[in-house]
Amino acid sequence: MTGTKTFELPRPILNDSDPKTLATEILKCLTYRIGKDATVATPYDWLTASIKVVRDRIVERWIDATKKAYDQEAKRVYYLSLEFLIGRLMRDSFSNIGLLEPVREALASLGVDLDVVAALEPDAALGNGGLGRLAACFMESMATVDVPAHGYGIRYKNGMFRQEISDGWQVELPETWLDHGNPWEFERRERSFEVGFGGHVESVTSKDGRLEHHVWKPQERVLAVAYDTPVVGWRGNRVNTLRLWSGMPVDPILLEAFNAGDHIGALRESNKADALSRVLYPADATPAGQELRLRQEYFFTTASLQDIVQRHLSQFGNLASLPDKAAIHLNDTHPAVAVAELMRLLMDVHEIDFDTAWDLTKRTFAYTNHTLLPEALESWPVPLFERLLPRHMQLVYAINAQILHEARAAEGFDGAQISRISLIHEDGERRVRMGNLAFAGSHSINGVSALHTELMKETVFADLHKLYPERINNKTNGITPRRWLFQSNPGLTALAKEAIGDAFLDDVSLLRDLDPFAEDVAFREKFAAVKRQRKERLAAVVAERLGIRLDPSALFDIQIKRIHEYKRQLLNIIEAVALYDQMRSHPERDWIPRVKFFGGKAAPSYHNAKLIIKLANDVARVINRDPAVRGLLKVVFMPNYNVSLAEIMMPAADLSEQISTAGMEASGTGNMKFALNGAITIGTLDGANVEMKEHVGDDNIVIFGLTAEEVAQRRSNGYNPRAVIEASPELSQAAAAISSGVFSPDDPTRYRALMDGLYDHDWFMVAADFDAYAEAQRRVDELWRDSPGWYAKAVRNVARMGWFSSDRTIRQYACEIWNVPA
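The residue numbering used here restarts from 1 in each chain and proceeds along that chain's sequence as written. The model is predicted, so local features are restricted to residues of pLDDT at least 70 and side-chain atom pairs to those at 80 or more, both for listing and for counting; the totals for chains, interfaces and linings are taken over all residues. Excluded from the side-chain calculation are hydrogens and water; included are all heavy atoms of the structure.

Chemist: Can you tell me about the overall build of the protein, naming the residues and giving the values?
Modeler: Per the secondary structure count, the protein includes 33 helices and 22 strands. C-alpha extents for the protein along the principal axes are approximately 95 × 70 × 60 Å. The rule is simple: take the accessible area with a 1.4 Å probe, protein chains only, and divide by the maximum for that residue type; under 20% is buried, over 50% is exposed, in between is partly exposed. Counting only residues that meet the buried cut, the protein has 61% of its 822 residues in that class. Expressed as a percentage of contacts within the protein between residues at least 6 apart in sequence, the contacts between residues at least 24 apart total 76%. To qualify as a helix, a DSSP run of H or I must reach at least 4 residues; to qualify as a strand, a run of E must reach at least 2; elements of each kind are numbered from the N terminus. Contacts are residue-level and defined by heavy atoms, with any inter-residue pair within 4.5 Å sufficient.

Chemist: So, the side chain of aspartate 807: which residues are in play, and what are the values?
Modeler: Along the polypeptide, aspartate 807 turns up in helix α33 (residues 806-818). The buried category is assigned to aspartate 807, whose relative accessible area is 7%. Non-local contacts of aspartate 807, meaning those with residues more than four positions away in its chain, are made with Ser141, Thr144, Val145 and Arg482.

Chemist: Describe a nonpolar patch on the surface, and please don't skip the residues or the numbers.
Modeler: Nonpolar side chains collect at one region of the surface, where Ile253, Leu255, Phe258 and Leu267 lie side by side and expose about 310 Å² of accessible area between them. If you trace the backbone, leucine 255 turns up in helix α7 (residues 255-259). Each patch groups residues whose relative accessible area exceeds 30% and which form no salt bridge, using 9 Å between like charges and 5 Å between nonpolar side chains of Val, Leu, Ile, Met, Phe, Trp and Tyr. Note on areas: Shrake-Rupley, 1.4 Å probe, and residue coverage restricted to the protein chains presented here. Counted as salt bridges are all cases of a side-chain nitrogen of Lys or Arg within 4 Å of a carboxyl oxygen of Asp or Glu.

Chemist: Explain the packing of helix α22 (residues 569-585) against helix α31 (residues 766-785) to me, and be specific about the residues and the numbers.
Modeler: Contact geometry of α22 with α31 gives a least axis separation of 10 Å together with a crossing angle of 55°. Taken as axis vectors, α22 and α31 run oblique relative to one another. For the pair α22 and α31, the sense of crossing is right-handed. Along its contact with α22, which presents Leu571, Asn572, Ile574, Glu575, Ala578 and Leu579, the element α31 presents Val766, Phe770, Tyr773, Ala774, Gln777 and Arg778. A per-class count over the contact of α22 with α31 returns eight nonpolar, two polar and two charged. Axis lines are fitted to C-alpha atoms, over the contacting stretch for helices. Their N-to-C directions set the angle, which ranges from 0 to 180 degrees. Angles below 35 degrees are treated as roughly parallel, those above 145 as roughly antiparallel, those between 65 and 115 as roughly perpendicular, and all remaining angles as oblique. Left-handed is the label given to a crossing in which the near helix is rotated counterclockwise from the far helix by less than a right angle, and right-handed is the label when the rotation is clockwise. Residues are sorted three ways: Asp, Glu, Lys and Arg are charged, Ala, Val, Leu, Ile, Met, Phe, Trp, Tyr, Cys and Pro are nonpolar, and all the rest, Gly among them, are polar.

Chemist: Mind laying out unusual backbone geometry, listing which residues take part and the relevant values?
Modeler: One non-glycine residue, tyrosine 281, lies in the positive phi region at around 50°. Its place among the elements puts tyrosine 281 in the loop between α8 (268-276) and α9 (287-316). A relative accessible area of 14% places tyrosine 281 in the buried class. In the Ramachandran plot, arginine 630 falls in the positive-phi region, its phi being about 55° despite a non-glycine side chain. Following the sequence through the fold, arginine 630 ends up in the loop between α23 (607-625) and β19 (633-638).

Chemist: Describe the pattern of salt bridges, with residues and values.
Modeler: Evaluation of the coordinates by the stated rule reveals 69 salt bridges. The salt bridge involving arginine 293 is made with aspartate 284; its shortest N-O contact spans 3.5 Å. Take arginine 293: its relative accessible area is 13%, and that puts it in the buried class. Linking arginine 796 and glutamate 519 is a salt bridge whose minimum nitrogen-to-oxygen distance equals 2.3 Å. Within this pair, whereas arginine 796 is found in helix α32 (residues 787-799), its partner glutamate 519 is found in the loop between α20 (490-500) and α21 (521-546), the two being separated by 277 residues in sequence. A cluster of three or more residues bridged by salt bridges with shared partners is formed by Asp167, Lys614, Asp618, Arg621, Asp746, Asp747 and Arg750.

Chemist: Outline the sheet that holds strand β14 (residues 431-433), listing residues and values.
Modeler: Pairing between strands requires that DSSP locate at least two bridges from one strand to the other. Reading across from one edge, β12-β14-β13 is the order of the three strands in this open sheet, with antiparallel pairing throughout. Single-partner strands in this sheet number two, and they are β12 (379-381) and β13 (424-425). Note: β12 against β14, three bridges, orientation antiparallel. Bridge pairing links serine 379 to arginine 433 in β14.

Chemist: So, the packing of aromatic side chains: which residues are in play, and what are the values?
Modeler: In this scheme Phe, Tyr and Trp rings, the latter by its six-membered ring, pair at centre separations within 6.5 Å, and the angle between planes marks the pair as stacked below 30 degrees, edge-to-face above 60, and tilted otherwise. Per the counting criterion, the structure on display carries 21 aromatic pairs. Look at phenylalanine 439 and phenylalanine 461: their rings are 5.1 Å apart centre to centre, the planes differ by 50°, and that puts the pair in the tilted class. With a gap of 22 residues between them, phenylalanine 439 in helix α16 (residues 434-440) and phenylalanine 461 in the loop between α17 (450-458) and α18 (462-467) connect regions that are remote in the sequence. The residues phenylalanine 439 and phenylalanine 461 share a single accessibility class, namely buried. Stacked on the ring of phenylalanine 197, the Lys or Arg arginine 295 has its end atom at 4.7 Å from the ring centre. Our definition puts a charge over a ring when NZ of Lys or CZ of Arg is within 6 Å of the ring centre and also within 35 degrees of the ring normal. In this structure, lysine 601 is placed above the aromatic ring of phenylalanine 161, and the distance from its NZ or CZ to the ring centre is 5.2 Å.

Chemist: Which residues make up the sheet that holds strand β20 (residues 655-658), and what values go with them?
Modeler: Here six strands make up an open sheet; going across it, the order is β19-β18-β17-β20-β21-β22 and the pairing parallel. The open sheet has two free edges, formed respectively by β19 and β22 (702-703), since each of these has just one partner strand. In terms of strand pairing, strand β17 (residues 555-560) meets β20 through two bridges, oriented parallel. The residue of β20 that forms the bridge with aspartate 557 is leucine 655. Packed onto the sheet, α21 meets β17, β18 (594-599) and β19 and runs at close to 70° relative to β19.

Chemist: Before we move on, could you go through the nonpolar core and cite the residues and values that matter?
Modeler: With 272 residues, the main nonpolar core has Met142, Phe299, Phe385, Ile574, Phe597 and Trp818 as its most contacted residues. Considering each element in turn, this core owes the most residues, ten residues, to α23. Those residues in contact with phenylalanine 597 that lie beyond four places of it in its chain are Leu538, Val542, Leu550, Phe556, Asp557, Ile558, Gln559, Val636, Met638 and Met649. By nonpolar core is meant a set of buried Ala, Val, Leu, Ile, Met, Phe, Trp, Tyr and Cys residues that side-chain atoms within 4.5 Å join together.

Chemist: Pulling in residues and values, what's your account of the environment of leucine 404?
Modeler: Mapped onto the elements, leucine 404 comes out in helix α14 (residues 390-409). Taking the C-alpha atoms as reference, leucine 404 lies 9.1 Å from leucine 423; in sequence the two are 19 residues apart. What leucine 404 contacts, discounting residues up to four positions off in sequence, is Ile418, Ile421 and Ser422.

Chemist: Could you give an account of the pairing of strand β10 (residues 326-331), with specific residues and numbers?
Modeler: Two faces make up the sheet, and in a regular strand the side chains alternate between them. The element β10 is extensively covered by neighbouring structure, given that six of its six residues are classed as buried. The sheet contact formed by strand β1 (residues 76-80) and β10 spans five bridges and is parallel. Within the sheet, the bridge partner assigned to valine 77 lies in β10 and is alanine 327. Here β10 pairs with strand β11 (residues 365-368) via four bridges, running parallel. The residue bridging asparagine 331 from the neighbouring strand is threonine 368, located in β11.

Chemist: Which residues make up helix α4 (residues 100-109), and what values do they have?
Modeler: Of all the residues in α4, the buried ones are Leu100, Pro102, Val103, Ala106 and Leu107. Summarising the axial view, the buried residues of α4 lie within an arc of 165°, below the 170-degree limit, and thus occupy one face. α4 presents Glu105, Ala108 and Ser109 as exposed residues on the side facing more than 90 degrees away from its buried surface. Those residues of α4 that are buried are in contact with α1 (19-34), α2 (43-71), α3 (90-96), α5 (114-118) and α19 (481-487). Glycine 111 sits one or two positions beyond α4 and adopts a positive phi of about 80°. Working note: the arc is built from the helix axis to C-beta atom directions.

Chemist: Kindly report on the environment of threonine 453, identifying the contributing residues and their values.
Modeler: Mapped onto the fold, threonine 453 is located in helix α17. Residue classification places threonine 453 among the buried residues on the basis of a relative accessible area of 2%. In sequence terms threonine 453 and asparagine 473 are 20 residues apart; their C-alpha atoms lie 6.8 Å from each other.

Chemist: Mind laying out the environment of valine 195, listing which residues take part and the relevant values?
Modeler: You can see valine 195 is positioned in strand β5 (residues 186-197). Judged by its relative accessible area of 0%, valine 195 is buried. In this structure the C-alpha to C-alpha distance between valine 195 and isoleucine 558, which are 363 residues apart in sequence, comes to 44 Å.

Chemist: Can you explain the side chain of lysine 567? Please cite residues and give values.
Modeler: Residue placement: lysine 567 occurs in the loop between β17 and α22. What makes lysine 567 buried here is its relative accessible area of 7%. Not counting residues up to four positions away in its chain, the partners in contact with lysine 567 are Gln559, Lys561, Arg562, Ile659, Ser660 and Glu665.

Put into structure tokens, the structure is as follows:
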């Protein structure tokens, strides 16, 4: 942009938030941009017109923010993530720019209900769980705290999958979020980059025979085409860019093959390109699935890096200043191949020597690790990696030689430690360790909670931490209060404004001023009324979607998250069975009414996770139909859990289930969203639960179970789960009922292997923590009976959650990792 002619846009009309003006523009948009008369416009037409009218105002600020970054020669943050779970954007963007209520009034004057229209906007199918939702929160917070940033990912046409429940089983169907187009995005055909796969590497030598550089000659080429979505910060002060890549063929059809009669084969290259941006996390149980995953990861990282390098060169002229003007952040291990790709671009395309290129690379990249689970620290078979990315394999070997040389030159490293540092796993099948590559190629490696960061140092990255002790640091996750309080829970937001004023809207840490109101009887009653409204709304959704009638006065006990054994939905289900048994055996006791909610998706190839979904539905079917429990206990599995459903469920929760095996959840952000909305947490000392306990206070959270250290000790000292189960009457009875087919009479052995796993190894400590969990749930019962005390604790949770804002997290990243002002 430097040196180009500038133009001033006419802006008075677009800056107008007058409802009458907005109504006029919406009608004009219907007519001239959608081609419809208002009398025949569909609800989707009104949705699109409303978004495009507001988008016009957003674009002004977007252009201003981009020009400002160029004019100030500002350092930019580039956030690479395989997921961006942005959900619906209409309410969020309209609210952030201050136009939600004016547009509501404008539409009402045209006989249109904004709430009805907004409900039609599909959730963007660009993520799966906490990783993608965190990326979305971070993008919004970067715009809010005025950090110039681009997010880079893939524009998945069909997302991960849309979950349906058929006879209790998860069924995966394609997401269709783009069926009506995406009015938020701008296609940027001019920002297209070639992406290569396979082929061979040639060496270029000088006349005197010296090696000058290498040239990769890919066998396959596809195009990555950019689609941009504006990301609006609070008050609209900055608008950043989410750039998503879509795969397209270089040649849309092999015409010679088509004319020869091979009509299907003629589209082969087109289909291969399309597959790159079709589905998030294709099942990798097959070699073809593994190859597609690696192709996707390289596809979006090379397109993003080519874009970044091109932008930097256009403004600054050379790459020596890249680390000073670009902070490239790897959100988990998926984009780790970017380390080798930047080295390739620097060395092969721009002819920079290895040592200089390696220095630039390390000073440019930072890496966030999100999990200690081995499957998430990706590794790729060397033959696959070398076949698809032959030049990158050479560079991985060169980088590996560099860091192994450093390790051998350092004191105190034995052969086993050096082997663990290596980028190549040599035991058995040789594999490229992508986590080690990301660590080696980054100047900063951060965990996402205090506990997780310490465990990184002690476990998966212990040897790399010993070699590079200055790199690991902690940045505890956070959430955006705009979506997860202001938009999800307007009643609670209004109540807080009534009590403490509206300054917390700009500084959420000021929610702490609510703390004294925990002892205010009138405030607690209003707080309880808001919670009741949110519970009634959820109950209405359950009745509409599942035909189950719920009592909003019951305790709403909610566990919604990705289905995985370490998250221990199984522990919750078994406790529900044990509680069911106790209610039938002791009807004379004063049982509190309780509804246990579950929701989440299981990876398509994860057998046990899908079986746990089926078990939850089987248990729900039996308990909900049994008159012996008198409606005091109900179990509900909510299908197709996504951002929009979370926005309904989280404000309605009384109890938040955060019960992962200690030491296995990196942070969690659902725990923060629940607490911010006035739910009390029942959880282990895992992830960010540890810091939440410190902030909300021991009396306002229910903690149970083994610590991470105790889990490690049990695993290493010969844990006997069978003895534990047999010593617990409630657990053994519940496990026997599940194993014997009480909840699966159509297939009595359906859950036998699942229960046998508890008896035989119980890696996730379900049996070890069961009695403590059951006892903690009975403590919850007692707390619930004291209604004033319960709501006092709930108010304190809201008041003390301000620190867990993603604004705080991003300011820490900006200051301590990216070196950009915020």
